4 protein chains.
Amino acid sequence: MYGDRVARWDRAVEWPLTIAAVVFLVAYATQILARERGSASAVAEAVVWVTWGIFAIDYIVRLVITENRRRWFIHHLLDLAIVILPMLRPLRLMRFLTILAIIQRGAGSMVRGRVIVYTIGATLLTIFVAGLAVLDAEQGNHGPIQNLGDALWWAFVTITTVGYGDYFPVTFEGRMVAVGLMIGGIALIGIVTATLASWIVEKVSAEAKTAAATQQQVEDLRTEVAELKDLLRESLTSKQTRESDIA
Amino acid sequence: MYGDRVARWDRAVEWPLTIAAVVFLVAYATQILARERGSASAVAEAVVWVTWGIFAIDYIVRLVITENRRRWFIHHLLDLAIVILPMLRPLRLMRFLTILAIIQRGAGSMVRGRVIVYTIGATLLTIFVAGLAVLDAEQGNHGPIQNLGDALWWAFVTITTVGYGDYFPVTFEGRMVAVGLMIGGIALIGIVTATLASWIVEKVSAEAKTAAATQQQVEDLRTEVAELKDLLRESLTSKQTRESDIA
Amino acid sequence: MYGDRVARWDRAVEWPLTIAAVVFLVAYATQILARERGSASAVAEAVVWVTWGIFAIDYIVRLVITENRRRWFIHHLLDLAIVILPMLRPLRLMRFLTILAIIQRGAGSMVRGRVIVYTIGATLLTIFVAGLAVLDAEQGNHGPIQNLGDALWWAFVTITTVGYGDYFPVTFEGRMVAVGLMIGGIALIGIVTATLASWIVEKVSAEAKTAAATQQQVEDLRTEVAELKDLLRESLTSKQTRESDIA
Amino acid sequence: MYGDRVARWDRAVEWPLTIAAVVFLVAYATQILARERGSASAVAEAVVWVTWGIFAIDYIVRLVITENRRRWFIHHLLDLAIVILPMLRPLRLMRFLTILAIIQRGAGSMVRGRVIVYTIGATLLTIFVAGLAVLDAEQGNHGPIQNLGDALWWAFVTITTVGYGDYFPVTFEGRMVAVGLMIGGIALIGIVTATLASWIVEKVSAEAKTAAATQQQVEDLRTEVAELKDLLRESLTSKQTRESDIA
């Protein structure tokens, strides 16, 4: 019954939360870009607070309707941190992965197809969000990252582990974003390589099987012939025995 | 019938398009290197326009002779972009991969052999084209990349994800080239690793199979001996029965 | 009997040595951070010496109670170096991996689960220890690494092979720490990729097996039907033979 | 007969050539380090020429004693380049890999063991040789690499694809060495990852097999019981038939 309530809530808020995440992304980006031009957007500020309210309500409702509140609370400390700490605000955009899950349904049921769609989507989202977040942290400081273009370029250079060093964060928050991106980069290399490895291993083993299959067929034929020979010999012997019996 | 027409067109333009790509590469390189020396090559300019015409005609003919034009149009938006946008001009050199496909026929039918030939060819081509394209974008700007030698060196440092930072692009177009190279670098690491992994997994499993085969042979021998014993016992019993029958 | 003595010693010092490692880590960090502020901590200095004594005693006892001392000595030259050389002092913290082994027991017996827990733990420990060690080496030199925050940031940038170049070691000891971190980085990429590859290969092969299983079931059914048909035909023939025999 | 001659020559020069490579390495290093201190070593120069003579003679003898000279010449163009071009001189040290092959015999016959020994040996040799070669190329130029310590540090930073950018080559020869090191770095990441992947895949599959084996044993037991039941039923039927026959 508790599980029922949770599942119904999940279905009810799936789209509202995703739309809230999109709206939040736009407002968050507007806010940061406005600050870049030295002005402040009161509307964007208000929208960020409203979407925050939606996520906070979702958190509270989930905590209330769950069966074992203490256990749920401990297992969802990250969710609490995302709602409370302004620094973790960009993580609210993880909601977007729900959209990816929906797009994925179209990518068929193959493991590799789903991994590819998810990886591309998550990588692009991570780069965009990390670009915004690092700009938010670095703006007005003495570091080299001071506009969105450079921030996105830096995010790309970091997630691919190239790291030219023409741009780098100097604030604690900016460096935390960088650490997240670097971990994402290691994971990205890992996923690309693993998917390719799985594909090559499969192709090579299919190749080997084709060769083995031909060998097997020849071997099977040889066995069949040998058995036929045995059957003939046997039937001959049995005929002779019968003849000798008759004789 | 439509498929027939497309296949015939493919065969008819295979070599002309590949030659057009080679000619375009030479003209494109000449144009950029001429600009490096502060002069302009009218001939190279003309040749670039002629090869562009060939690619544009190929695009239009394909659109006309295909069965489902709307579907083809949507699935080939990238081809349209390559023909129309001057920024994507270097991508016309992807035509070269056709040559790789021809060279590959000589590399035998093994999956790994083909992957290796294709990877080396595509990597060298990518480095050369990216070097030209980044020079095209950065020339005359305040960035550090100002001659072909440095551009190729930068392309190498980027595709291997080393990223010293002694050279880096500062223009939007140059950074787009860099993003392409970085993605290529991730793919390169992935392919090299996956090919090696496939090779090592195969060798290790062959090793295991050799050991298993010896065990299997001993086991087979044991079974054979056991069956022989059973046959002997059976024949003895049947003989005794016959003797007792006779008796 | 010798093996018994060694095992008993292992069990007896497991916790004392782990606690000594924790105490050493705190004292070592205090010492370096005190130096950062231009002061010196006599207490931390004393504690570092006491924990050193504990590790030295452990080394000597192990050398004494082992069966083949010469062989043990040669196989444990690294242990000797860690005890004697102040430069290798941070390696005493490898003792922490014992704690990881204990945490691991909770991660279940699955290979991948254990690999993940161990990798995360060892990576975080390596970054922290390398940060301290590089600060120890670089402090007071002309290099850019002069406080713990920058040292940890540098360690992260290095182990992920990003390498911006905003911070880098300039002393021999600092560079040795960097070499260790880089090797750790290569290993980290390798482990992440390999774990993902193993997971994807398994998922893809499970997918293939499900498809193969259905095919196999149909094939099995076909065989069963064929055998049934043969049995029927045989029994019919034998019946006819018998009838003709009777006739 | 030709093959015999080649094999005999191989055996005859195995040790002389390896020793020549060691002597060449020492002389080459001395020469570069002497130049670093502004002096020149006439002895080292002479030794480099003598070892060059040995490699040249080896090349000529091999060309003479081979069966199909034209084919051998085309397949060994790299060997010719190494002997003739001073720039490729460091590649003569590839001879060292023969020593690795000898050490390897001690590492047992396991594929992974041999791969690990070879990778570590080849990586260390590559770093050392690349350090010397880049110093040889960069010395006296305006680049940052001006002593062996920095050159080795740079080689390490490059082969691990970290690439801080505190040191980088500026000459064409130095950049060629860097390109070789970067390719080595990609290969290194690939080999480490592939070896780990092979190991994890094996462990995980062993785990799965243990579980499958238990299932199989239960299944086997069930089959045995079923067969026993059938045998019993058959023997009963045959007994009844006999009895009815007797009756």
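Residues numbered from 1 in each chain as written. Chains lettered and ligands numbered in written order. Predicted model: local features only at pLDDT ≥ 70, side-chain atom pairs only at ≥ 80, totals over all residues. Heavy atoms only, no water.

1. Description of the relation of the copies chain C and chain A
Between chain C and chain A, the superposition needs a rotation of 90° and an axial shift of 0.0 Å, giving an RMSD of 0.0 Å. In the structure described here, the two chain copies are related by an operation that fits a four-fold rotation axis. (Least-squares fit on C-alpha atoms with pLDDT ≥ 70 in both.)

2. Considerations on the packing of helix H6 (residues 111-138) of chain A against helix H7 (residues 148-159) of chain A
Residues and elements named next belong to chain A. As a packed pair, H6 and H7 sit with axes 8 Å apart at the nearest point and diverge in direction by 130°. What the angle tells us is that H6 and H7 run oblique. Considering the relative orientation of H6 and H7, their crossing is right-handed. Residue-level inspection shows Thr123, Thr126, Ile127, Phe128, Ala130, Gly131, Leu132, Val134 and Leu135 of H6 in contact with H7, the latter providing Leu148, Ala151, Leu152, Trp154, Ala155, Phe156 and Ile159. Looking at the contact of H6 with H7 residue by residue, the classes come out as 13 nonpolar, three polar and no charged. (Axes fitted to C-alpha atoms, helices over the stretch in contact; angles between N-to-C directions. Helix = DSSP H or I, 4+ residues; strand = E, 2+ residues; numbered from the N terminus. Parallel < 35°, antiparallel > 145°, perpendicular 65-115°, else oblique. Left-handed = near helix turned anticlockwise from the far one by under 90°. Contact = heavy atoms within 4.5 Å. Nonpolar A, V, L, I, M, F, W, Y, C, P; charged D, E, K, R; others polar.)

3. As for the packing of aromatic side chains
All names here are of chain B. Taken as a whole and judged by the stated rule, the model has 16 aromatic pairs over all chains. Between the aromatic rings of tyrosine 59 and tryptophan 72, the centroid separation amounts to 5.4 Å while the plane-to-plane angle is 50°, which identifies the pairing as tilted. Highlighted residues: tyrosine 59 in helix H2 (residues 42-65) and tryptophan 72 in helix H3 (residues 69-75), separated in sequence by 13 residues. Per residue, the accessibility class of tyrosine 59 equals that of tryptophan 72, and both read buried. (Phe/Tyr/Trp six-rings, centres within 6.5 Å; stacked < 30°, edge-to-face > 60°. Buried < 20%, exposed > 50% of the residue type's maximum accessible area, 1.4 Å probe, protein only.)

4. Some remarks on the interface of chain C and chain A
For an interface, size is often stated in terms of accessible area lost upon the parts coming together. The interface is formed by 23 residues belonging to chain C together with 29 residues belonging to chain A. Buried surface at the junction of chain C and chain A, both sides included, amounts to about 2,200 Å², of which 75% is carbon and sulfur. At the junction of chain C with chain A, the criterion picks out one salt bridge. Arg175(A) is paired through a salt bridge with Asp150(C); the nearest N and O atoms lie 3.0 Å apart. (Buried area = accessible area lost by both parts, 1.4 Å probe. Salt bridge = Lys/Arg side-chain N within 4 Å of Asp/Glu carboxyl O.)

5. Quick look at the interface of chain C and chain D
Taken together, the contact pairs 30 residues of chain C with 22 residues of chain D. Summed over both partners, the interface of chain C with chain D buries about 2,100 Å², with 75% contributed by carbon and sulfur atoms. Contact with chain D buries area across many residues of chain C, yet Arg175(C), Met182(C) and Ile186(C) alone supply 29% of it, more than any other trio. Inspection of the chain C/chain D interface yields one salt bridge. Of all elements in the fold, only helix H6 (111-138), helix H7 (148-159) and helix H8 (172-246) of chain C reach the threshold of two or more residues within the side of chain C that touches chain D.

6. Comments concerning the confidence of the model for chain A
All names here are of chain A. Chain-level pLDDT for chain A is 80 on average; 77% of the residues reach the 70-or-more range. No element of chain A has a lower mean pLDDT than helix H5 (residues 97-105), at 61, and none a higher one than H7, at 94. Per the prediction output, this complex has pTM 0.81; the corresponding ipTM is 0.75. (pLDDT = per-residue confidence, 0-100.)

7. So, the pattern of salt bridges
Applying the stated criterion across every chain yields a total of 16 salt bridges over all chains. The partner of Asp10(A) in a salt bridge is Arg62(A), and the shortest N-O contact between them spans 2.9 Å. One end of the pair, Asp10(A), is in helix H1 (residues 2-36); the other, Arg62(A), is in helix H2 (residues 42-65), and 52 residues separate them in sequence. A salt bridge links Asp136(C) to Arg35(C); its shortest N-O distance comes to 2.8 Å. Linking Asp136(C) in helix H6 with Arg35(C) in helix H1 (residues 2-36), this pair joins segments that are 101 residues apart in sequence. Asp136(C) gets classed as buried once you look at its relative accessible area, which sits at 19%. Each member of the salt-bridge network shares a partner with another, and the members are Asp10(A), Asp58(A) and Arg62(A).

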